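Observations on the model geometry
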Amino acid sequence: LQREIILAIAIIDLPIDLGAKEDVILRNGFGASWWFLLCESNDDYVDIVKEILALCSHPQKMALCLTVAGSSNEETAVACATPLCKAALREGLRFLGRFEF
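This report concerns the structure included in the present document. Counting restarts for each chain, with residues numbered from 1 along the sequence as it is written. Only residues with pLDDT of at least 70 get local features here, since the model is predicted, and only at 80 or more are side-chain atom pairs given and counted; chain-wide, interface and lining totals rely on the full set of residues. As a rule here, side-chain values cover all heavy atoms of the structure and leave hydrogens and water aside.

1. Quick word on the overall build of the protein chain
On a plain count of helices and strands, the protein chain comes out with 6 helices and 2 strands. For the protein chain, the N- to C-terminal ordering of α and β elements is α-α-α-α-α-α-β-β. A 1.4 Å probe rolled over the protein chains alone gives each residue an accessible area, and that area as a share of the maximum for its type sets the label: buried under 20%, exposed over 50%, partly exposed in between. Taken over 101 residues, the protein chain has a buried fraction of 43%. The contacts of the protein chain with a sequence gap of at least 6 include a subset with a gap of at least 24, amounting to 58%. Values of accessible area rely on a 1.4 Å probe in the Shrake-Rupley scheme; residue burial ignores everything except the protein chains shown. Here the protein chain has roughly 5900 Å² of accessible surface; of this, 56% comes from carbon and sulfur atoms. Under the scheme used here, helices are H or I runs from DSSP no shorter than 4 residues and strands are E runs no shorter than 2 residues, and both carry numbers assigned from the N terminus. Any two residues whose heavy atoms approach within 4.5 Å at even a single point are treated as in contact.

2. Some words on the nonpolar core
By size, the foremost hydrophobic cluster in this structure holds 29 residues, and its most contacted members are Trp-34, Leu-37, Leu-38, Val-49, Ile-52, Leu-64 and Leu-89. Of all the elements in the fold, those that place two or more residues in this core are helix 1 (3-12), helix 2 (32-40), helix 3 (46-55), helix 4 (58-66), helix 5 (77-80) and helix 6 (83-92). Each residue touching Leu-37, except ones within four places of it in the same chain, is listed here: Ile-6, Ala-10, Tyr-45, Ile-48, Val-49, Ile-52 and Cys-85. Buried Ala, Val, Leu, Ile, Met, Phe, Trp, Tyr and Cys residues form a nonpolar core when they are joined through side-chain atoms within 4.5 Å.

3. What to know about unusual backbone geometry
One non-glycine residue, Asn-42, lies in positive phi territory at about 55 degrees. Mapped onto the elements, Asn-42 comes out in the loop between helix 2 and helix 3. By relative accessible area, Asn-42 is classed as exposed at 61%. The backbone phi angle of Asp-43 is positive, close to 65 degrees, even though this residue is not glycine. Note on placement: Asp-43 falls in the loop between helix 2 and helix 3.

4. Section: the state of the cysteines
The disulfide definition used here is simple: a pair of cysteine sulfur atoms within 2.5 Å. Counted by the stated rule, this structure contains 1 disulfide. One disulfide bridge connects Cys-39 with Cys-80, the sulfur atoms lying 1.9 Å from each other. The S-S bond linking Cys-39 to Cys-80 shows a torsion near 55 degrees; that makes this disulfide right-handed. Note that Cys-39 is positioned in helix 2 and Cys-80 in helix 5, a separation of 41 residues in sequence. The exposure class of Cys-80 is buried, given its relative accessible area of 16%.

5. Considering the side chain of Asp-43
Counted as positive: Lys and Arg. Counted as negative: Asp and Glu, with His and the chain ends omitted from the count. One side-chain nitrogen of Lys or Arg within 4 Å of one carboxyl oxygen of Asp or Glu is enough to make a salt bridge. Lys-50 provides the closest opposite charge to the buried, unpaired Asp-43, separated from it by 9.6 Å. In terms of polar contacts, Asp-43 uses its side chain to reach the side chain of Thr-82, at 2.3 Å. Discounting residues that sit within four places of it in the chain, Asp-43 has contacts with Thr-82, Pro-83, Leu-84 and Cys-85. The definition of a polar contact used here is a pair of N or O atoms within 3.5 Å, where within protein one atom must be able to donate a hydrogen and the other to accept one, and adjacent residues in sequence count solely through side-chain atom pairs.

Structure below.
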């Protein structure tokens, strides 16, 4: 698939509501595409992860890092992310040049 299509699918399937910049609104039943990009794509789509993070507010980035896949899984997205995606998440969480979580 073209990268624009993958980006569009991932944005539609995000586990947060991108339109709510002030508050973080979690969306149950969403996020499989986000998990695939972070944890199962062997860093092939790190550019898409960075594009998604660029669209998010700082609280939304924190929520994306802390999402868990399904009710039986306790591992967070940042814990299972591939190396380059994990670095992109850490970079996205920098606020005024400092790591803020």
